[in-house]
Amino acid sequence: MRKLIWLLLFLSISSLLYSQELPDVSITESFNKTSLSKVIRILKNKYDVKIAYDDALVTGITVSGQFKDQSISAFLNEILPSRGIDYQVLNGKIILTPGQVNIDLNTPSLFDLTVFGTIQDGQTGEMLPNALIRVAGENKGTVSNKDGFFTLSQVPTDTSTIEITYLGYKKNTVKLDPTKTKKTLRISMSENIVDLAEFTVVDFRSDNTIQYGEEISQISIDPKSLTSLPSLGELDIFRSLQLLPGISGTDETSSALSIRNSPSSQNLVLLDGFTIYRLDHFFGIFSAINPDAVRDIQVYKGGFGPKYGGRISGVVDITGKSGNFNKPQYSFGINLMSARMSVDAPINEGKGAVHFSTRRAFTDIIRSSLFKKLYKNYRENSNQLNEQSGENSLRPNFHFYDFNLKSTYNLSNRDIASFSMYWGRDELDTDFDQIRTRGNTITTENTEENGQWANLGIGAIWSRNWSKNYYSTFQVAYSGHNFDYLFQSTDRDENGQVTRDYSADRLNELTDLQINYKNELKFKERHSLDFGANISSISTINDVTIDEQIQQPTGDREQSGSIIAFYASDEIRITKKFNLNVGFRHNTTGLTDKNYFGRRLGLSYQLTPSLKLKLSNGQYYQLARQVLYDDPRSNLQDGWNLANDTMFDALSSEHIIGGLNYAKNGFMVDLEYYRKDVSGLVEFTVSHMAKPNMPKDTQPLVTVSDGEDKIRGLDVLIQKKIGPYHGWLSYTHSKSRSVYSNINGGQELPSRLDQRHEAKFVHILEFEKFNFSASFIYGSGKPFFKPELNFIRNNSGAIINYEILNLNKSVERLPAYHRLDVSAALKFENEEARGEFGISILNTYNHENIQSRRLNINAIERAINNGEEPSQLYRNIVLLDFTPSIFLNLFF
């Protein structure tokens, strides 16, 4: 009896709490694919119906139909059950709950929905950044972020098919499952494997080596596809980028990046979010970045968005490898100059992974013929050492090394933490004597050259996926660079008396500590917001000494200050074909008394499924910049300086870019016209004036000039992939003009990087057992600036001294540049390892390419002794001749 009383009491309370009494209202509405969330708002505001629900439950659901004088219960019963939603009434409030429904996997139940998930390597478990995700049959899509996360909005139905492509991987297709639409998708990608029995043409642009991204002038590069390109023994990241249109490639001894006629110091180079300030090893022969440490490369030749700042020309954004989350992997490589190795391993049963790679030149131990050739080329290109012979000039104590370390850990399903570090260093130590005989005179020349230059980068990142629409990243990063160089050459006669003494000393140090906070927000399905902040504390040290005279035109030896930047951009999907991107970046700094506001604007229109039109405009500012030293007598390298109120303002540029992209059946054509106006340039021009009453001696005179560049050009890329072949033709036509206040009286001259025509042909054949590649580069002659040379004579007409008046220049064009490079590699594999052994040949037909010309200082100084003007005042700076190299790469 007691149990019955308790049961009746429970039922009576339940009936009170879960009363099904609904408001007495009459619904009269018309809906046409109206979102359920909007329908609920109408019920709340217009009919005063109280409804509680979870946003995820109603996302992507639409309502259509005519409703007249329907009760609230009839209305809800008609629109909710078929969509898998039930409801209850609690104290007069309607509670929406998940319902039971039998779903046909081929019949859509949700429309215009948002899909989210992650993209990862199916073999290693590593997240893949910048993968392209789109609905099958549509060109517009989205890309995964640095941690492989993506959000794809406006997916037509919950039975649509999603296509995922990533350079170097097979295209993956995923058909949505209506029972799992609300869940996070985890999509695995498999690497491309050459199949000799199936030479098919793939109808999608990303199967090529080069893919143009969603933003204007953005190019994605597959590092693995570039490994077969000709090189000096290993893949060179920056030298491979020089094969793209708009990036100068007519200098095989320079791994710096000249993007659209601007020097490499005007480009932002990032590795896992921290800045790399020096891009080369071995005086420009090798890139600073080990290719074994690279997962993804994004290149922006201009018009880049506001999330990137601090540079005015281009961006190279490199994502390092995270490691293998599933099992350990190892690699080893060796060539005629260096050796390298890498390790990838999981942490804590696959919750994390670590990558470590290192390389070292063994040129201080074994001096191969390739090293001797490269070092001799550097010596002969120097104005400090020339006309030398003998083995002494080829026996420097020189080597370089670097290492990369990256660790990634999944703290939870929403949180990822990573730590990345890079360290690279070059060391040069040369000290030798050389005996010279000139007529009856015997002199001893002592040469001392010491140099150390290094990069250090450290970054720690925490990323969190707050929801399917909001992602944020917090980073602390440190970048450091130092360059310390001393050159001294002394001539002594038979009595030990100094007859000539020259020295140049250069010290440049930079430290940069940054805090970055970045956010990605999808808003109302048509808006993709990027916003964040950057705080940078930066300092530099500069010393320049020529012939023991301090040359410090910048005023302060040490500079330091802070830069605070805020940025935001909104990608607005106006229609399915038309996209608008607007944004800004605002910099405030203690370095100057100014603030710097730069706008961003981008437009894209998908005219047809294969043809896309694009337009961009932006303003850019750079507060840390390199200042050019133009000294005809020395090799003083440019150094990093900071903008200030006393010497020079920030660099600034404005970009206008327009073009089109056509892609179909493995064939792609991309054209871009660009205009770039640069102001705030500064050049330190060094003249050498004769000292009064001191024959055979000169003193340097430094003049500071302000300048500006006007750059116009057209980039063309034609790319084709068919079966085992993929290749491209790139062409750039450009014109770059400069004006400097104190050079030639402020007249307009060609800029130093002005090159009217440059064409590159690249061909790659990838087979199962071997690969072959060839590249041909042609470039019209670059300008050569001849300073005015004044010989001083005595009363009898004999030359007793000279002056170099470097502010007065005449312009000549160098001969056209061209070379053919080839490479071939044999692949092998067994159960334990795989690898490749090959050969690369640069400048196959041994063409003499001239990089520049320089004053023949030795000939001029001999003229003073002989009293006659030399027949050849200038000598050619010749680039590499026929240069073979072999390599071996092993993977375990």
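A. Main features of the overall build of the protein chain. Of regular secondary structure, the protein chain possesses seven helices and 50 strands. When each of the 892 residues of the protein chain is scored for burial, the buried share is 53%. Restricting the contact set of the protein chain to residue pairs at least 6 apart, pairs at least 24 apart contribute 67%. Here the protein chain displays about 38,100 Å² of accessible surface, and carbon together with sulfur accounts for 53% of that area.

B. Focus on the side chain of Ser357. By secondary structure assignment, the location of Ser357 is in strand β23 (residues 352-361). Judged by relative accessible area, Ser357 falls into the buried class, the value being 0%. Engagement of the side chain of Ser357 in a polar contact is seen with the side chain of His355, the distance being 3.1 Å. Those residues in contact with Ser357 that lie beyond four places of it in its chain are Asn290, Asp292, Ala293, Met341, Ser342, Asp402, Phe403 and Asn404.

C. Main features of unusual backbone geometry. You will see that Arg260, though not glycine, has its phi angle at about 50°, which is positive. Within the element layout of this structure, Arg260 appears in the loop between α5 (237-241) and β15 (267-271). With a phi angle near 55°, Asn744 is a residue other than glycine that sits in the positive phi range. By secondary structure assignment, the location of Asn744 is in the loop between β40 (725-740) and β41 (748-750).

D. Structural context of the side chain of Glu758. Here Glu758 is to be found in strand β42 (residues 757-766). Residue Glu758 is classed as buried on the basis of its relative accessible area, which comes to 6%. At a separation of 2.9 Å, a polar atom in the side chain of Glu758 contacts the side chain of Lys760. If we ignore the near neighbours within four places in the chain, the residues touching Glu758 are Ile247, Ser248, Gly249, Thr250, Ser730, Tyr731, Thr732, Tyr778 and Gly779.

E. Representation of the sheet that holds strand β8 (residues 141-143) in the model. In spatial order, the strands read β8-β7-β10-β11; together these four strands make up an open sheet with antiparallel pairing. With partners counted over all chains shown, the strands left at the sheet margins are β8 and β11 (172-175), one partner each. Sheet twist, expressed as the mean angle between neighbouring strand axes with direction ignored, is 20°. Two strands pair when backbone bridges link them, and strand β7 (residues 132-135) and β8 are joined in this way by three bridges, in the antiparallel orientation. From the neighbouring strand, Leu132 faces β8, where its bridge partner is Val143.

F. Quick look at a nonpolar patch on the surface. Judged by side-chain polarity, Leu411, Trp462, Trp466, Phe474, Val476, Leu513, Ile515, Tyr517, Ile535, Ile564 and Phe566 come together as a nonpolar surface patch covering roughly 960 Å² of accessible area. Contributing elements (two or more residues each) for the nonpolar patch: β26 (441-467), β27 (470-492), β28 (498-523) and β31 (558-573). Top contributing element to the nonpolar patch by residue count: β28, with three residues. Locating Leu513 in the fold gives a position in strand β28.

G. Region of the structure containing the confidence of the model for the protein chain. Averaged over the protein chain, the pLDDT score is 83; the fraction of residues at 70 or greater is 88%. Confidence drops under a pLDDT of 50 for residues 194-206, and excluding neighbours within four residues, the segment shows 32 contacts in the predicted structure. Per-residue pLDDT stays below 50 along residues 384-394; that stretch engages in 33 contacts with residues further than four places along the chain or on separate chains.

H. Summary view of helix α2 (residues 36-47). A rise of 1.5 Å per residue sets the reference length of α2, with its twelve residues, at 16 Å; its end C-alpha atoms lie 16 Å apart and thus fit the reference within 8%. Residues of α2 that are buried include every one of Leu36, Val39, Ile40, Leu43 and Tyr47, and no others. Buried residues of α2, viewed axially, fall in a sector of 100°; they line one side. Every exposed residue of α2 that faces more than 90 degrees away from the buried side is listed here: Asn45 and Lys46. Just downstream of α2 lies Asp48, where phi reads positive at about 60°.

I. Representation of the environment of Val49 within the structure. Structurally, Val49 can be placed in the loop between α2 and β2 (51-52). In this structure the C-alpha to C-alpha distance between Val49 and Lys93, which are 44 residues apart in sequence, comes to 7.6 Å. Beyond its immediate stretch of four places on either side in the chain, Val49 contacts Val25, Leu43, Lys44, Ile72 and Ile94.

J. Examining the pattern of salt bridges more closely. All told, the structure shown has 32 salt bridges when counted by the stated rule. Between Lys46 and Glu29 there is a salt bridge, and its shortest N-O distance comes to 2.8 Å. Here Glu29 lies in strand β1 (residues 26-35) and Lys46 lies in helix α2, a separation of 17 residues in the sequence. We classify Lys46 as exposed; its relative accessible area is 55%. Here Glu29 falls in the buried class, since its relative accessible area comes to 15%.

K. Examining the sheet that holds strand β5 (residues 93-98) more closely. Reading across from one edge, β2-β5-β4 is the order of the three strands in this open sheet, with mixed pairing throughout. Single-partner strands in this sheet number two, and they are β2 and β4 (85-90). When β4 meets β5, the two strands line up antiparallel, connected through six bridges. Note that in β5 the partner of Leu90 across the bridge is Lys93.

L. Focus on the nonpolar core. Counting residues in hydrophobic clusters, the biggest one holds 38 residues, and the most contacted among them are Phe238 and Leu241. Within the residue set of this core, elements represented by two or more residues are β13 (210-212), β14 (218-221), α5, β15, β19 (294-300), β20 (314-320) and β42.

M. Broad picture of the packing of aromatic side chains. Scanning the model with the defined rule gives 23 aromatic pairs in all. Measuring from ring centre to ring centre gives 5.4 Å for Tyr166 and Tyr169, while their planes differ by 65°; the resulting arrangement is edge-to-face. By the burial criterion, Tyr166 is buried, and Tyr169 matches it. Put simply, the rings of Phe282, Phe286, Phe398, Phe400, Trp453, Phe483 and Tyr485 touch in pairs and so form one group of aromatic residues. A cation over a ring is seen here: Arg464 above Trp466, with NZ or CZ 4.6 Å from the ring centre. Positioned above the aromatic ring of Phe648 is the side chain of Arg625, whose terminal nitrogen or guanidinium carbon lies 4.4 Å from the ring centre.

Thresholds applied
- Residues numbered from 1 in each chain as written.
- Predicted model: local features only at pLDDT ≥ 70, side-chain atom pairs only at ≥ 80, totals over all residues.
- Heavy atoms only, no water.
- Helix = DSSP H or I, 4+ residues; strand = E, 2+ residues; numbered from the N terminus.
- Buried < 20%, exposed > 50% of the residue type's maximum accessible area, 1.4 Å probe, protein only.
- Contact = heavy atoms within 4.5 Å.
- Areas by Shrake-Rupley, 256 points an atom, 1.4 Å probe, with all protein chains shown as cover.
- Polar contact = N/O pair within 3.5 Å; in protein donor to acceptor, adjacent residues only side chain to side chain.
- Pairing = 2+ DSSP bridges.
- Axes fitted to C-alpha atoms, helices over the stretch in contact; angles between N-to-C directions.
- Patch = residues over 30% accessible without salt bridge, like charges linked within 9 Å, V, L, I, M, F, W, Y side chains within 5 Å.
- Salt bridge = Lys/Arg side-chain N within 4 Å of Asp/Glu carboxyl O.
- pLDDT = per-residue confidence, 0-100.
- Expected span 1.5 Å × (residues − 1).
- Arc of directions from axis to C-beta.
- Core = buried A, V, L, I, M, F, W, Y, C linked by side-chain atoms within 4.5 Å.
- Phe/Tyr/Trp six-rings, centres within 6.5 Å; stacked < 30°, edge-to-face > 60°.
- Lys NZ or Arg CZ within 6 Å of the ring centre and 35° of its normal.

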